[in-house]
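# Descriptive structure summary
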Amino acid sequence: TIRERISVLWSLKRDPYNTFRKQRVWNKKHGVPAIYFMLWSNFGPRDRNVSPYSTEAAKKLREISDWATVGIHPSYQSGTDANQVGEEIKSLQEVLRRPIAVSRQHYLKMKMPITLRQLVDLGITDEHSMGYAELAGFRASLCTPFTFYDLELEAELPLRIHPFAFMDTTFMDYANLVP
């Protein structure tokens, strides 16, 4: 694997992990819309991502945003810092040259309803974190998107919640299953 990685780094071989072209063809062929959630922050103990200062990453993201939706994947530490998630969104918007309207929380970390209120204030219209990490099933008991209702404010907020049934880590890391 070291030889393969060196060959990729020296552009002698195509990166086997760069599957965006295959994904684009598959999505177009089958009419499946794609959303890519980008962790666009500085590195941290739980934030291992592409550098937000990478010119190559910015170029690739702009290319992806031409055929798919790109949203924010707020950093782990931003869960308690609205200013930080705001900076991450602003930085990603500058790279993409378009607004960000979708979000999925890193590690599904959120404080209800605070995190959702903050996302609304930052211009997010669609949130994709409503699910369980450890189990398969619908956390909100719904499989269809719904508008968030803030019980404390007794108001419907302009935020559509998109439930999910499971993640890859549900089966790999928590259930210790193999393909």
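One structure accompanies this document, and this report is about it. Along each chain, residue indices are assigned from 1 in the same order as the chain's sequence is written. Local features in a predicted model are, by the rule used here, given only for residues with pLDDT of at least 70; side-chain atom pairs are given and counted only at 80 or more, and totals for whole chains, interfaces and linings are based on all residues. Each side-chain value is derived from all of the structure's non-hydrogen atoms; neither hydrogens nor water enter the calculation.

## A few points about the pairing of strand β5 (residues 146–150)
Stated precisely, the cut-off is as follows: In short, DSSP must find at least two bridges between two strands for them to pair. For helices the rule is a DSSP run of H or I covering at least 4 residues; for strands it is a run of E covering at least 2, with both sets numbered from the N terminus onward.
With four bridges connecting them, β5 and strand β6 (residues 155–161) associate as antiparallel partners. Bridging across to β6, D150 finds its partner in A155.

## Details of the pattern of salt bridges
Note the threshold: Here, a salt bridge means any side-chain nitrogen of Lys or Arg that lies within 4 Å of a carboxyl oxygen of Asp or Glu. Relative accessibility thresholds used throughout: buried, under 20% of the residue-type maximum; exposed, over 50%; partly exposed, between the two (1.4 Å probe, protein chains only).
What the rule picks out here adds up to seven salt bridges. Here R98 and D66 are joined by a salt bridge, their closest N and O atoms 3.4 Å apart. Here R98, found in the loop between α4 (82–96) and β3 (102–103), pairs with D66, found in the loop between α3 (55–65) and β2 (69–72); they are 32 residues apart in sequence, far enough to count as distant. Between D150 and R117 there is a salt bridge whose closest N-O contact spans 2.5 Å. With D150 in strand β5 and R117 in helix α5 (residues 114–121), the pair connects residues that are 33 residues apart, well separated along the chain. What makes D150 buried here is its relative accessible area of 0%.

## A look at unusual backbone geometry
Trans is the common state for peptide bonds, and a negative phi is the common state for residues other than glycine. The step from M112 to P113 runs through a cis peptide bond, and the omega angle for that step is -5 degrees. Even without a glycine there, the phi angle at E154 is positive, about 50 degrees. Along the chain, E154 turns up in the loop between β5 and β6. Judged by relative accessible area, which is 63%, E154 ranks as exposed.

## Structural notes on the nonpolar core
Convention followed: Buried Ala, Val, Leu, Ile, Met, Phe, Trp, Tyr and Cys residues form a nonpolar core when they are joined through side-chain atoms within 4.5 Å. Here, residues are in contact when the closest pair of their heavy atoms is within 4.5 Å.
Formed by 27 residues in total, the largest nonpolar core has its most connected members in W40 and L92. At the level of elements, β1 (35–38), α3, β2, α4, α5 and β6 are the ones that each hand at least two residues to this core. By residue number, the principal contributor to this core is α4, which donates five residues. Not counting residues up to four positions away in its chain, the partners in contact with L92 are M38, W40, L61, V70, G71, I72 and I100.

## Topic: a positive patch on the surface
To keep it simple, the criterion reads: Candidates for patches are residues over 30% relative accessible area with no salt bridge; among them, like charges are joined within 9 Å and nonpolar side chains (Val, Leu, Ile, Met, Phe, Trp, Tyr) within 5 Å. Exposure was quantified through the Shrake-Rupley algorithm and a 1.4 Å probe, taking into account, for residues, occlusion by the shown protein chains and nothing else. Only four residue types enter the charge count: Lys and Arg as positive, Asp and Glu as negative, with His and the chain ends excluded. A charge is said to be at NZ when it belongs to Lys, at CZ for Arg, at CG for Asp and at CD for Glu.
Taken together, the side chains of R14, R21, K22, R24 and K28 present a region of like positive charge at the surface. You can see R14 is positioned in the loop between α1 (2–9) and α2 (20–30).

## Comments concerning the pairing of β1
Within a regular beta strand, the side chains point alternately toward one face of the sheet and then the other, so they alternate between its two faces. Quick note on the threshold: A clockwise course of the path from the first strand over the helix to the second, judged with the strands pointing away from the viewer, identifies a crossover as right-handed.
Burial along β1 is one-sided: Y36 and M38 are buried, while I35 and F37, pointing the other way, are not. As defined by bridge partners, β1 adjoins β2 across four bridges and the pair is classed as parallel. Of the residues in β2, the one forming a bridge with Y36 is V70. A crossover connection joins β1 to the parallel β2 through α3; in handedness this β-α-β unit is right-handed.

## Regarding the environment of N83
For N83, the location among the structural elements is in helix α4. Relative accessible area serves as the criterion here: at 62%, N83 is assigned to the exposed category. Spatially, the C-alpha atom of N83 lies 9.6 Å from that of L122, the residues being 39 residues apart in sequence.

## With respect to the packing of aromatic side chains
Defined as follows: When two rings of Phe, Tyr or Trp (its six-membered ring) have centres within 6.5 Å they constitute a pair, described as stacked for plane angles under 30 degrees, edge-to-face for angles over 60, and tilted for the intermediate range.
Per the stated rule, a full pass over the model turns up four aromatic pairs. Centroid distance F20 to Y36: 5.8 Å. Interplanar angle 65 degrees. Geometry classified as edge-to-face. Within this pair, whereas F20 is found in helix α2, its partner Y36 is found in strand β1, the two being separated by 16 residues in sequence. Given a relative accessible area of 14%, Y36 falls into the buried group. Geometrically, the ring pair formed by Y76 and Y107 is edge-to-face, given 5.4 Å between the ring centres and 90 degrees between the ring planes.

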